[in-house]
Each structure stands twice: as structure tokens, then as C-alpha cells.
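Structure assessment
Here's the letter readout for the chains.
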Amino acid sequence: MRKPIIAGNWKMNLKVAEAVALAEALKPLVADAAAVEIVVCPTYVSLYSVAKALAGSNIAVGGQDAYVKESGAYTAAISPQMLADAGCTWTIIGHSERRHIFGDTDTLLNEKLRFALASGLKVMFCIGELLEERKSGKMEDVIKRQVVEGLKGLSSADLANVVLAYEPVWAIGTGETASPEQAEEVHVFTRALVRDMFGADAAEAIRIQYGGSVKADNAAELLAKPNVDGFLVGGAALKADSFAAIIKAGC
Ligand code: PEP
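Summary of the structure given here. None of these values were measured; they are calculated from a predicted model.

Parameters and conventions
- Residues numbered from 1 in each chain as written.
- Predicted model: local features only at pLDDT ≥ 70, side-chain atom pairs only at ≥ 80, totals over all residues.
- Heavy atoms only, no water.
- Helix = DSSP H or I, 4+ residues; strand = E, 2+ residues; numbered from the N terminus.
- Rg over C-alpha atoms; globule rule 2.2 N^0.38 Å.
- Buried < 20%, exposed > 50% of the residue type's maximum accessible area, 1.4 Å probe, protein only.
- Near = heavy atom within 4 Å.
- Polar contact = N/O pair within 3.5 Å; in protein donor to acceptor, adjacent residues only side chain to side chain.
- Areas by Shrake-Rupley, 256 points an atom, 1.4 Å probe, with all protein chains shown as cover.
- Nonpolar A, V, L, I, M, F, W, Y, C, P; charged D, E, K, R; others polar.
- Pairing = 2+ DSSP bridges.
- Arc of directions from axis to C-beta.
- Contact = heavy atoms within 4.5 Å.
- Expected span 1.5 Å × (residues − 1).
- Salt bridge = Lys/Arg side-chain N within 4 Å of Asp/Glu carboxyl O.

A separate point is the overall build of the chain. Summing up its helical and strand segments, the chain has twelve helices and eight strands in all. Taken against the 2.2 N^0.38 rule, which gives 18 Å for 251 residues, the C-alpha radius of gyration of the chain at 17 Å falls within 12% of a compact globule. Reported as C-alpha extents along the three principal axes, the dimensions of the chain are approximately 45 × 45 × 35 Å. Per-residue burial for the chain yields a buried fraction of 51% across its 251 residues.

Right, here's the structure in full:
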């Protein structure tokens, strides 16, 4: 049995006091949600304060990215070691906004993933196709490339600390959600890719989150699919009650 993992990606939202207030509001609402692993990913500047607010709770804290060096002359970058020092146990790598706005390549994302794992963080590694890629029949090629290039060089032991997040780019922040059947189809395809690379046990064990306009009212039907193992949530994670309702759907 794979324990569902539900994570909130707060993106570039919330000032420090707002982020702490959201964390404090969320804590009691999900205190008894033992069936689900919960993570929130605030901005870098709020990480330390949010992690302090959530210390001892059942909500873990993650970064939204991590660079491939521990320290040095890399202006604006943050290392996995710094994330861990601020209280993170997780980081997101490869979010579509990193891929498409900031130009993170498959090669760089593979490097980021491997360095974050080697530094002791667990990673939610995002994959997902653009609308034009889906429409032109390239979806499977894109997912395959992102998985094969992204997970290159990892061992099966590394993979135990990786969660994959399937986030069709056309569903992120658009209000348009993949249907449970569309999500399941890609999750099955993705799990088969993991099987080819790492074997049946690793494929059975790895959790694959869905992300893309998840809300309280579509969470349960998505999670009912056998290969949907949780969510990466953007907009609906910015309010304690809507994020808590999504978490409750997993309990
Ligand atoms: C995301 O950015 O990972 C995401 C899924 O956003 P939203 O839930 O707002 O679509």
C-alpha cells in the first residue's frame, strides 16, 4: 500500500507573516490526518519561520527548487543543505514553471534531483506535457523523455526518496483538471517507465502525485484511481480550509 502524499506548492505567494498564519491555521485542521503524508512548500524567505511554526506537527516542509552546489558564487540560488538547515525535509524539482519560465532543462533537473537526494532531501519530481504536445500526439514521448532523462543515474535506493508528480501543464492554474481517467492513464504509463528502469518492486513502491487544479470537490474521485497516490496542489493550497478538505479526501 502506498501512503498518499498531499503537498501544497505556495509558489511566489504569501509574505512571511501570511505564510506562518496559513501554517498555523492548517495545523489543527489536519492534526488527525494520519493516513496521509502532508508537505507544504513556502517561498525561500518564509521557509525558516514556517518550519518553526510546524515543528512537531504532522506537516513537513519543502523547498520549491534546489541548486546543484552546496555554497559559493551562485547568485540567487539556494542549496539543498540550506533548505535542510531551514527545516526542510523535501524539495520540489522540475516544476513546469521552472521548466517553461526559467528554462530548466532535463539535464539540469537530473543534476538537481541527484544532488538534492545526495544531500539528504526527499524530492517531488515533476513531469507533464503542454497542451500542444498532448494535442499533437506527443504526450507519451514527452513524459518518457522527462522520466528517463530526469531519473538517469539514480539507484533503486535513491528512488525510495522520490515522488513523481504528474502535472499536465494545461491543467496548472487553469481551473481545468485532467479527468480521473486521463490522470490514471498517464500514471500507469509513468509507472511502466519506472518498471523498465528500476524493476517491478520500485515501480510498485513509487508514489505518483497528480497536480493541476485539484480542489476539494475533485480530489476524492482522482484519488480513487489506483495509480493516483496523492496531489501537488497550487492555488487551493493557499487557503487552510480548502487544502485541509483536499487532505481529508485522502483519509
Ligand atoms: C502546481 O503548480 O503544482 C499546481 C498544480 O497548481 P494548481 O493547483 O493551481 O493548478
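Next, the rest of the story.
The ligand sits among 14 residues. The nearest are Lys 11, His 95, Glu 167, Gly 173 and Ser 213. Within the side chain of Glu 167, one N or O atom sits 2.6 Å away from an oxygen atom of the ligand. Out of a free accessible area of 290 Å², the ligand has 95% covered by protein chains. Residues that form the shell around the ligand fall into these classes: four nonpolar, eight polar and two charged.

Here we come to the pairing of strand S8 (residues 230–233). Side-chain alternation along S8 places Gly 230 and Leu 232 on one buried face and Phe 231 and Val 233 on a second face that is also buried. In this structure, strand S1 (residues 5–9) lies alongside S8, joined through four bridges in parallel fashion. By the bridge assignment for S8, Ile 6 is matched with Phe 231.

Along helix H2 (residues 44–54), the positions that sit buried rather than exposed are Ser 46, Leu 47, Val 50, Ala 51, Ala 53 and Leu 54. Summarising the axial view, the buried residues of H2 lie within an arc of 155°, below the 170-degree limit, and thus occupy one face. Exposed and facing more than 90 degrees away from the buried side of H2 are Val 45 and Lys 52. Backbone geometry just downstream of H2 places Gly 56 in the positive-phi region, at approximately 85°.

Even without glycine at this site, Leu 14 takes up a positive phi of about 80°. Structurally, Leu 14 is set in the loop between S1 and helix H1 (16–29). Classification of Leu 14 as partly exposed rests on a relative accessible area of 24%. With a phi close to 80°, Ala 76 is a non-glycine residue in the positive phi region. Mapped onto the secondary structure, Ala 76 falls in the loop between strand S3 (59–63) and helix H3 (80–85).

Moving on, we get to the environment of Arg 207. Note on placement: Arg 207 falls in the loop between helix H10 (200–205) and strand S7 (208–210). Overall, the relative accessible area of 16% leaves Arg 207 in the buried class. Here the alpha-carbon distance between Arg 207 and Arg 191, two residues 16 residues apart in the chain, equals 9.0 Å. Ignoring anything within four residues of it in the chain, the contact list for Arg 207 reads Arg 2, Lys 3, Pro 4, Ile 5, Glu 37, Trp 90, Val 163, Leu 164 and Asp 229.

Spanning 19 residues, helix H9 (residues 180–198) covers 26 Å between terminal C-alpha atoms, matching the ideal 27 Å at 1.5 Å per step. Here H9 has its buried residues at Pro 180, Ala 183, Glu 184, Val 186, His 187, Thr 190, Arg 191, Leu 193, Val 194 and Phe 198.

On inspection of all chains with the given rule, the structure shows 15 salt bridges. Put simply, Asp 229 and Arg 2 hold a salt bridge, and the shortest N to O gap is 3.0 Å. Of the two residues, Asp 229 sits in the loop between helix H11 (216–223) and S8 while Arg 2 sits in the segment before S1, which places them 227 residues apart along the sequence. On the accessibility criterion, Asp 229 (4% relative accessible area) is buried. Ionic pairing is found between Glu 181 and Lys 225, a salt bridge with its closest N-O pair at 3.6 Å. Of this pair, Glu 181 sits in helix H9 while Lys 225 sits in the loop between H11 and S8, and the two are 44 residues apart along the sequence. A network of salt bridges, in which partner residues are shared, links Arg 2, Arg 191, Glu 204 and Asp 229.

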